[in-house]
Each structure stands twice: as C-alpha cells, then as structure tokens.
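# Tertiary structure, described
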Amino acid sequence: MKRLLFGLMLLASPALAQDAVPQIPFGGSDPLKLPKDLYLGEVTGVAVNSKGHVFVLSRGNTTGPAYAAAAAQLLEFDREGKFVREIGKNLYAWSFGHTVRVDQGDNIWVADKGSDMVVKFNPGGRVLLVFGRKQEASDEETGPVKHPKPPLPAEDGRFRQVTDVAFDPAGNAFISDGYINSRVAKVDRDGKWVKSWGDRGTKPGEFNTPHSIAADAKGNIYVADRGNRRVQVFDGEGGFLREFTIDVPYDAKARPAIGNLPELAKIEASGNPKTMMPGAPWTVCITPGPKQVLFVSDAFPGRVYKLSLEGKVLGVLGESGKKLKQFGWIHEIACPSENVLYVAELLNWRVQKLVLRPKK
C-alpha cells in the first residue's frame, strides 16, 4: 500500500513533471471545412491516406430512437480540409462507429462497435471485405449485448464490441476485439481467418478492453490494453514480447474533460478497469519509417504522449479542455509523420490537426 500511495503521489507531482519528460511545443487547428447542413457528432476515428486525404468516422447523421440509435458516418476530406464525399451512406454495418484506418493500399477499414463488424472499402468506396455479423432485426432476442463475467468464449469469425484494426507489412490484418471479448484476431490479406489470441485478465497476453491497435515496420503488434493501463507488444503470431506503462507526473490541479476527478487510489484498489487513470492508453498510432515512434493518448489528464517503440516516453503535450490545443477524450490518432497528428475527439465533436515543434 505504501508503494501504491507513493506511486500515485509521484504521478500527481507537478514539480517533477518538467524534469521527468519534456513538454513538446505544438499548434492546434480545426482543419475540416464542412458543407452546409453537415454536422459531426462524436468523432470516434480519423485516418490519413497516401494523398493526405483525411477520413473521419463520426457518430453523426443519427437515426432511430433516443436509445440504441444508429450513429455512424464515414466522411472524406482532401488535404486542405475540403469535403470530398460520404462513403457507405446508410451502410448495413453502420450502428455505433468506433475507428477508421487506411492500409498500405489506401483501402479504408472501419470497426463498428455496435454491429460487431469490420468493413474494408477500396479507395473508390466499394465494399471489398466484411468481417463479423450483426444481430438479425427479425430475431426476438436481438438487443444490447450482455457483459457476463467472465465473458463467454470467443468464436472464430465473430466479434463482440470490436474496437480497431491494424496491418502488418505482409498485408495481414489484426483486429482488437473488444469491450466484451478480450483478444486480438488475425486475418490474412484475402480475408481468411488465421487465429486469435488473448482472454480477459491481467497477465501478459490477457486484456481488459483492447481498445486500439497498431503495427510497426517489423510486423510487431502494439495493443492499447486500456483497462489494464498498459501497452502490450506481440509478434505477428501472438507471441508476447513486452509490455510497458506510461508513468508521467501531471499537474495536481488538472481536471478531467467530463465527470468527477478520478480517485486514483480507489480505482487501483478496486480491481475495476483503469480507463480513467493517467497513462491508460485509449489510442496507439505508429508513424511511418524509417525512424518510427509511437503516439498514445489518455482521457485523464487528457494528454498525448510520444514514445519510442520500446516504451520510453520522449515527450508529452496537451491537456483536457474545450479550446484548441486542449482535448476532450481523444478516441483515435492518425500520425502521418512524426510532427503532424490528427486527433479525433469524442466530447468536442471535432478533428484537431496538431503540428509539433520539438525543441532542437
């Protein structure tokens, strides 16, 4: 207990914050130019293709009742932020959008938490591959998915509240699954189910809400194990390589973007998910080569962290809030370069473009 309290005091110590990790100077802008009568809802995902076009997954254009309404809309903008098109309007898979990714071939992938589906579009917007299956509207048992403890065994080819997808250099896709299942699934470039690994728990190779996923140039897989407040790293076959946590001091006056101030000691002692603890990874994004770095965000105190692939924190930026250069629950990061980031914010209903200006 003494060690726990000391660790929490260390995290909350503003005096150590500057000494421990450098603050990265940066600028923030709201780059998207929305056409008349088009509005974003909660922005859950953002991705950038090889042309610099920005793909935004928003819980906008909501249809249905106040509860369990369909809330997913995929929009494309050019590199200047001008609206290009909506992709997959009224798509059968749209239910409750979670993340969007673009692979090496500029194909667009969306993970939908509500329908338990992952959809791959080609660059022209045509559906190429469909993974998972949503519940049938005609089934009398159709309704919100239950969260039994422990979870029911996972099933090949199906997901339960799927979260994200990443791609290795060989074209395999790795799907993080999810809020109920606690695993990573691997499918090959043709869509064939290869394997899955992981289960609910705290040991290496176990997960508590694998919320975001990324792959490096060697094909190693980085999983934001949010509920366990750690990033786990695996080889492409699911072999555990290492894990690391983000332990950066923060200002004791920091406030959350929404809700009461997290009581860290109680969260730690309760055994409940550590989602709102400092450093709990909501996102992972790895920059293109040759020198790759990792970006991670948390919900409280609402910062973005720059790390080496080995887990060393290289810098930190931002805080919770409503203004530019402040964040309201970053849900996904696109990192087309080491010094340009796009962040999707749930609470602020926007995509923010960040330009990092690290000190020489």
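Worth saying up front: this structure is predicted, and the values here are computed from it rather than measured. (Residues numbered from 1 in each chain as written. Predicted model: local features only at pLDDT ≥ 70, side-chain atom pairs only at ≥ 80, totals over all residues. Heavy atoms only, no water.)

Another point: the sheet that holds strand S12 (residues 183–187). Paired through their backbone hydrogen bonds, the strands of a sheet run either parallel or antiparallel. The strand order across the open sheet formed by four strands is S10-S11-S12-S13, and the pairing between neighbours is antiparallel. Edge strands, defined here as strands with exactly one partner in the open sheet, are strand S10 (162–167) and strand S13 (193–197). Each strand axis lies, on average, 20° off the axis of its neighbour in the sheet, ignoring direction. As paired elements, S10 and strand S11 (residues 173–177) share five bridges and run antiparallel to each other. By the bridge assignment for S11, Phe167 is matched with Ala173. (Pairing = 2+ DSSP bridges. Helix = DSSP H or I, 4+ residues; strand = E, 2+ residues; numbered from the N terminus. Axes fitted to C-alpha atoms, helices over the stretch in contact; angles between N-to-C directions.)

Per-residue pLDDT for the protein has a mean of 93; in total, 94% of the residues score no lower than 70. A low-confidence stretch, residues 1–10 stays under pLDDT 50, and its non-local contacts, those more than four residues away or across chains, total six contacts. The low-confidence segment residues 12–19 (pLDDT under 50) makes 12 contacts with residues lying over four places distant or belonging to another chain. (pLDDT = per-residue confidence, 0-100. Contact = heavy atoms within 4.5 Å.)

What follows deals with the nonpolar core. Ranked by size, the top nonpolar core spans 18 residues in total, and within it Ile246, Val284, Leu294, Tyr305, Leu307 and Val313 carry the most contacts. For this core, the secondary-structure elements that each account for two or more residues are strand S15 (221–225), strand S16 (230–234), strand S18 (283–286), strand S19 (294–297), strand S20 (304–307) and strand S21 (313–317). What Leu307 contacts, discounting residues up to four positions off in sequence, is Phe244, Ile246, Val293, Leu294, Val296, Lys312, Val313 and Leu314. (Core = buried A, V, L, I, M, F, W, Y, C linked by side-chain atoms within 4.5 Å. Buried < 20%, exposed > 50% of the residue type's maximum accessible area, 1.4 Å probe, protein only.)

Looking at where Asp103 falls in the secondary structure, it is placed in the loop between strand S6 (97–102) and strand S7 (108–112). Buried within the structure, Asp103 lacks any salt-bridge partner; Lys120 is the closest side chain of opposite charge, at an N-O distance of 4.4 Å. Within polar-contact distance, the side chain of Asp103 engages the backbone nitrogen of Gly105 at 2.9 Å. At 3.0 Å, the side chain of Asp103 and the side chain of Trp109 are in polar contact. Contacts of Asp103, omitting those with residues within four sequence positions, involve Trp109, Lys120 and Phe167. (Lys, Arg positive; Asp, Glu negative; His and termini not counted. Salt bridge = Lys/Arg side-chain N within 4 Å of Asp/Glu carboxyl O. Polar contact = N/O pair within 3.5 Å; in protein donor to acceptor, adjacent residues only side chain to side chain.)

Once that is clear, we can look at the pattern of salt bridges. Tallied over the entire structure, the rule returns 17 salt bridges. When the shortest N-O distance is used, the salt bridge between Lys274 and Glu268 registers 3.1 Å. Glu268 sits in the partly exposed class, given a relative accessible area of 29%. When the shortest N-O distance is used, the salt bridge between Arg350 and Glu345 registers 2.7 Å. Each member of the pair, Arg350 as well as Glu345, carries the same accessibility label: buried. Several salt bridges share partner residues, and in doing so they unite Arg101, Asp164 and Glu332 into one network.

Evaluation of the coordinates by the stated rule reveals 12 aromatic pairs. On the basis of an interplanar angle of 50° and a centroid distance of 5.1 Å, the ring pair of Trp109 and Phe167 is categorised as tilted. With Trp109 in strand S7 and Phe167 in strand S10, this residue pair connects regions lying 58 residues apart in the sequence. Considered together, Trp109 and Phe167 belong to a single accessibility category, that of buried residues. Within the aromatic cluster, the residues linked to one another by ring pairs are Phe174, Trp197, Phe207, Phe234 and Phe240. In this arrangement the basic side chain of Lys113 is found over the ring face of Tyr179, its NZ or CZ atom lying 3.6 Å from the centre. Positioned over the ring face of Phe26 is Lys325, at 5.1 Å from the centre of the ring. (Phe/Tyr/Trp six-rings, centres within 6.5 Å; stacked < 30°, edge-to-face > 60°. Lys NZ or Arg CZ within 6 Å of the ring centre and 35° of its normal.)

One open sheet accounts for four strands, arranged S2-S3-S4-S5; its pairing is antiparallel. Of all strands in the sheet, those with a lone pairing partner are strand S2 (42–48) and strand S5 (83–87), marking the two edges. Adjacent strand axes in the sheet meet at a mean angle of 25° when their direction is disregarded.

Let's shift gears to the state of the cysteines. One pass over the full model with this rule turns up one disulfide. With its sulfur 2.1 Å from that of its partner, Cys285 forms a disulfide with Cys335. Here the S-S torsion is close to -100°, and the disulfide linking Cys285 with Cys335 is therefore left-handed. In this pair, Cys285 is assigned in strand S18 and Cys335 in strand S22 (residues 330–337), connecting sequence segments 50 residues apart. Like Cys285, the residue Cys335 is buried in the burial classification. (Disulfide = S-S within 2.5 Å.)

With that settled, consider the side chain of Thr287. Locating Thr287 in the fold gives a position in the loop between S18 and S19. Ignoring any residue separated from it by four or fewer positions in sequence, one finds Thr287 in contact with Gln292, Val293, Phe295, Cys335, Ser337 and Glu338.

By the element assignment, Gly315 lies in strand S21. Taking relative accessible area as the criterion, Gly315 reaches 0% and is therefore assigned buried. With 10 residues separating them in the primary sequence, Gly315 and Tyr305 have C-alpha atoms 6.0 Å apart. In contact with Gly315, not counting residues within four places along its chain, are Val21, Pro22, Ile24, Val304, Tyr305 and Lys306.

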